[in-house]
Amino acid sequence: MAKKILCIPLDPVHDVGIKLIRNQLAQHGHETELLSPDLPMEAIVKKAAQGKYDFILVSRTLGYGVAELLARFNDLLDAAGVREVSKIVIGGKPITPELAAELGFDKGFGEHSTIEEVLAYIEGREVSNASIGPKRSKRDIPAGHSYKFYNPVVERLLSEICDKLIAWTSTKTSPGIERAKLREEILASTDEKKRAALEVRYLSLSDDAIRTSKTKNVFPKGVRRVSNTELDALKDFLRRSRPHIPSTIQHNPDQPLIFKFLGSGCPLMDITHGKICERWGVNGFLIINPSWEARYEGLLDGYLTHENDGTITSLDNLRLIRQSLDANTLLTVRAHRGLNTPETVLLAGEAGADLTKIDLVYGSLGAGTDPQRLAVDGVEAIRLAARYNMPFDIPGNDELSGVPAWKTLAGLLVNVMLGVKLGAKPILKPLFCYGPHIVINGQMKQNFVDYNAAKIFALREIIDCPIWPGEPIAFMTQTEERVQSANSTSYHAALAATLGVDAITIASTDEAYSRGPISITSRIDSIRAVTDAFRFMGNAQIAPTRHAEAFTEDLIEQITDVLKEVNAKENLPQAINAGILGSEEDGAYPGKFGAGSMSNEQ
């Protein structure tokens, strides 16, 4: 049934919001009248008393003395008998339901209220969660990319490098690969006796810290089990806190997906932060594991929390996070470094993760893993990613150590070709910020646009592959001043949208300087900054200068030269150890963890 509604801009000039609401109400069949702004209060009350309206909608910005003004307005409506006939509703940016009630209004709508909420209230029905806010959907990042190479020279070099690597690893295995096979058998078996025997074999391939945790329930320092009480509290929180008005970050469907990190050490805190970030429109999360976990042979089991950064990679933890997030939120699990790469990919697949992270080059240079060990484990991990239909992203964070961009991009492309040959779906992840080598050599002296754009242009001239700048964007340009950090992230996000990349990872505004757990307010700061940047840019573009073209040509030439040097070696690990993809002078050091642990496959 149509309602009779009076719309009142109780403000000297601001009437845009109430006009928009009035138009929407009229489109839904309601009889509406809109008064002009800045009418005398007595004239407004007279009009309200004569019209016998079902609802009177008042918009007002707050400021000094406004509370008294609104209280007087309500008193006048009361004295004129309007409140006996009409529901009085107030809206405005600073309005909350509690403030509206305190001021004497029947209902209040604030900045994040939607027209559907207003309509539902006026029409006397419940707000339908399914009918408001954006319809979330899970995007397949590699979809629409052919993985076709446009540069035949680079394609040939990559093919030869990867063929040699696959042949070299084909006769080798490692404790990490064997544990992954055992873990798969354990998960598939329903025979308790067989499972127990498999567990014994698993522990024989694990380090003492893992064996002690599993046999004696004595964990590494700072690690403990999550209690049933805590798990019950989480279930209650999720039951009571389901978001029903999710925001959206992208202003149009061509703008990149937005990912954030999880890895507080506590899966419950990760989930809490994740649910809040979902409310603000984040499309996906990357679970970061602890650095100590990468140095141990073997993984822990159970619901586990610990006192350091990085959330423990247990199947229970991964499943808990996956099941607690929205079904359409993308989840990726880091597996690109350490001694548990194949098993991590296996657990990610079993937990229902959407993506994983594997990089045989950066994982050997920046994470302490022996290049030979990670090559053997990484090939198996990519095979597992293909089997679980999980695309894998390839981080270019060796640039943060000082490795030149062309060496990093060459390493990313090796991983791409390896993924293609093994039937997986790789995703390029070039660094998108102010790296040390760039600072030293001045490629960003004039602006931050040209060189970042050139990386994307160079990769696109080589292959049609998804591109997801990270990890995260703008990180080296952040300061302790959180407004500056949010701005810096938004500028880089606007450039990423201009360049049409598939996704970006953004940091929280206190991430580089938090000195402890990241705060939820800083997460929201960066999300809102990017949302504003995407709205501001819309379908407009940032224009790189002519220098971007020169940078692009140089990058392709230098990438080609690096790949020729890599191909001259017997295999990829030899090239990594020789410093071709990042040397000690660059600030990259081949890892030692797991050295000598490979053996011939039985």
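About the criteria used
Residues numbered from 1 in each chain as written. Predicted model: local features only at pLDDT ≥ 70, side-chain atom pairs only at ≥ 80, totals over all residues. Heavy atoms only, no water. Salt bridge = Lys/Arg side-chain N within 4 Å of Asp/Glu carboxyl O. Helix = DSSP H or I, 4+ residues; strand = E, 2+ residues; numbered from the N terminus. Pairing = 2+ DSSP bridges. Axes fitted to C-alpha atoms, helices over the stretch in contact; angles between N-to-C directions. Contact = heavy atoms within 4.5 Å. Phe/Tyr/Trp six-rings, centres within 6.5 Å; stacked < 30°, edge-to-face > 60°. Buried < 20%, exposed > 50% of the residue type's maximum accessible area, 1.4 Å probe, protein only. Lys NZ or Arg CZ within 6 Å of the ring centre and 35° of its normal. Left-handed = near helix turned anticlockwise from the far one by under 90°. Nonpolar A, V, L, I, M, F, W, Y, C, P; charged D, E, K, R; others polar. Lys, Arg positive; Asp, Glu negative; His and termini not counted. Polar contact = N/O pair within 3.5 Å; in protein donor to acceptor, adjacent residues only side chain to side chain. pLDDT = per-residue confidence, 0-100. Domains from an automatic or database assignment. Core = buried A, V, L, I, M, F, W, Y, C linked by side-chain atoms within 4.5 Å. Right-handed = clockwise from strand over helix to strand, strands pointing away. Disulfide = S-S within 2.5 Å.

Caption draft 1: Inspection of the pattern of salt bridges at higher detail. Applying the stated rule across the entire model yields 30 salt bridges. Lys138 is the partner of Asp354 in a salt bridge, and the nearest nitrogen-oxygen pair spans 2.8 Å. Remark: Lys138 occurs in the loop between helix H5 (115–122) and helix H6 (152–169) and Asp354 occurs in the loop between helix H14 (341–351) and strand E12 (355–357); sequence separation between them is 216 residues. Put simply, Glu399 and Lys455 hold a salt bridge, and the shortest N to O gap is 2.9 Å. Linking Glu399 in the loop between strand E13 (392–395) and helix H17 (405–421) with Lys455 in helix H19 (residues 450–462), this pair joins segments that are 56 residues apart in sequence. Connected via shared salt-bridge partners are Arg179, Arg183, Lys214, Glu297, Asp301, Glu343, Arg373 and Asp377.

Caption draft 2: Region of interest: the sheet that holds strand E11 (residues 330–334). Here seven strands make up an open sheet; going across it, the order is E14-E13-E12-E11-E9-E8-E15 and the pairing parallel. In the strand order of this sheet, the two ends are held by strand E14 (426–429) and strand E15 (503–505), each with one partner. Between one strand axis and the next, the sheet turns by 25° as a mean value, whatever way the strands run. As paired elements, strand E9 (residues 284–287) and E11 share four bridges and run parallel to each other. Across the sheet, Ile287 pairs through a bridge with Val333, a residue of E11. Across the sheet, H17 lies against E13 and E14, angled at about 170° from E14, the strand it touches most.

Caption draft 3: The packing of aromatic side chains, seen in detail. Tallied over the full model, the rule gives six aromatic pairs. Ring geometry for Phe259 against Trp468: centres 4.2 Å apart, planes inclined by 40°, an arrangement best described as tilted. You can see Phe259 sitting in strand E8 (residues 257–262) and its partner Trp468 sitting in the loop between H19 and helix H20 (482–499), a full 209 residues away along the chain. An identical accessibility class is assigned to Phe259 and Trp468; each is buried. Through pairs of rings, three or more aromatic residues link up here, namely Phe55, Phe109 and Tyr121. Geometry around Trp280 places Arg279 over its ring, the cationic atom sitting 5.5 Å from the centre.

Caption draft 4: Spatial organisation of the packing of helix H2 (residues 41–51) against helix H3 (residues 66–79). Running from N to C, H2 and H3 cross one another at 40°; their axes reach a closest spacing of 10 Å. Helix-helix and strand crossings are classified by hand; for H2 and H3 the assignment is right-handed. Contact residues: Met41, Glu42, Ile44, Val45 and Ala48 in H2; Leu69, Arg72, Phe73, Leu76 and Leu77 in H3. Each residue belonging to the contact of H2 with H3 can be placed in one class, and the counts come to eight nonpolar, no polar and two charged.

Caption draft 5: Broad picture of the environment of Ala533. Secondary-structure assignment places Ala533 in helix H21 (residues 520–537). Look past the residues within four positions of Ala533 in its chain and what remains in contact with it is Ser490 and Ala494.

Caption draft 6: Geometry of the side chain of Asp370. Relative to the helices and strands, Asp370 is located in the loop between helix H15 (362–365) and helix H16 (371–387). The side chain of Asp370 sits in the buried core without any salt bridge; Lys592 is the nearest counter-charge, 6.4 Å away. Engagement of the side chain of Asp370 in a polar contact is seen with the backbone nitrogen of Arg373, the distance being 3.0 Å. Sequence-distant contacts of Asp370, defined by excluding residues within four places in its chain, comprise Ser364, Gly591, Lys592, Phe593, Gly594, Ala595 and Met598.

Caption draft 7: Here's a closer look at the confidence of the model for the protein chain. Chain-level statistics for the protein chain give a pLDDT mean of 92 and a share of 96% at 70 or above. For the stretch residues 129–133, pLDDT sits under 50, and the model shows nine contacts to residues farther than four places along the chain or on other chains.

Caption draft 8: Up close: unusual backbone geometry. Note the cis peptide between Gly470 and Glu471, where omega equals 0°. With respect to the helices and strands, the residue Glu471 is situated in the loop between H19 and H20. Across the junction of Glu471 and Pro472, the peptide omega takes the value 5°, indicating a cis bond. With respect to the element layout, Pro472 can be found in the loop between H19 and H20.

Caption draft 9: Focus on the domain arrangement of the protein chain. In terms of domain boundaries, the protein chain breaks down into domain 1 (4–131) and domain 2 (166–539). Distance between the C-alpha centres of domain 1 and domain 2: 47 Å.

Caption draft 10: Layout of the nonpolar core. If you look at the biggest cluster of nonpolar residues, it comprises 114 residues, and the most contacted ones within it are Leu360, Leu418, Leu428, Ile463, Ile504 and Leu563. It is H17 that provides the largest number of residues to this core, a total of ten residues. With 22 residues, the next largest nonpolar core counts Ile44, Val66, Leu70 and Leu103 among its residues.

Caption draft 11: Focus on the sheet that holds strand E4 (residues 87–91). Sheet architecture is open: five strands sit in the order E2-E1-E3-E4-E5, paired in parallel fashion. Each end of this open sheet is capped by a strand with a single partner; those strands are strand E2 (31–34) and strand E5 (107–109). Taking the axes of each pair of neighbouring strands and ignoring which way they run, one obtains an average angle of 20° across the sheet. Of the pairings in the sheet, the one linking strand E1 (residues 4–9) to E2 comprises four bridges and is parallel in character. Bridged to Leu6 within E2 is Glu33. Lying on the sheet, H2 is in contact with E1, E2 and strand E3 (55–59); it crosses E1 at an angle near 175°.

Caption draft 12: Spatial organisation of the pairing of E3. A large share of E3 lies buried, amounting to five of its five residues. Alternating positions in E3 separate into two faces, Phe55, Leu57 and Ser59 on one and Ile56 and Val58 on the other, with burial throughout. Note that E1 and E3 share five bridges and pair parallel. Each bridged residue has a counterpart across the sheet, and for Cys7 the counterpart in E3 is Leu57.

Caption draft 13: Up close: the pairing of E4. Burial analysis of E4 places four of its five residues in the buried class, the great majority of the element. As paired elements, E3 and E4 share five bridges and run parallel to each other. Residue Phe55 lies in a different strand from E4, and its bridge partner there is Lys87. In the sheet, E4 pairs with E5 via three bridges, with the strands oriented parallel. Bridge assignment links Ile90 to a residue of E5, and that residue is Gly108. In this fold, the crossover linking E4 to E5 by way of helix H4 (residues 97–102) has right-handed handedness.

Caption draft 14: Molecular detail of the state of the cysteines. Under the definition given, this model contains zero disulfides. Lacking any disulfide linkage, Cys266 is separated from the closest cysteine sulfur, that of Cys277, by 15 Å. Under the relative-accessibility criterion, Cys266 is labelled partly exposed at 21%.

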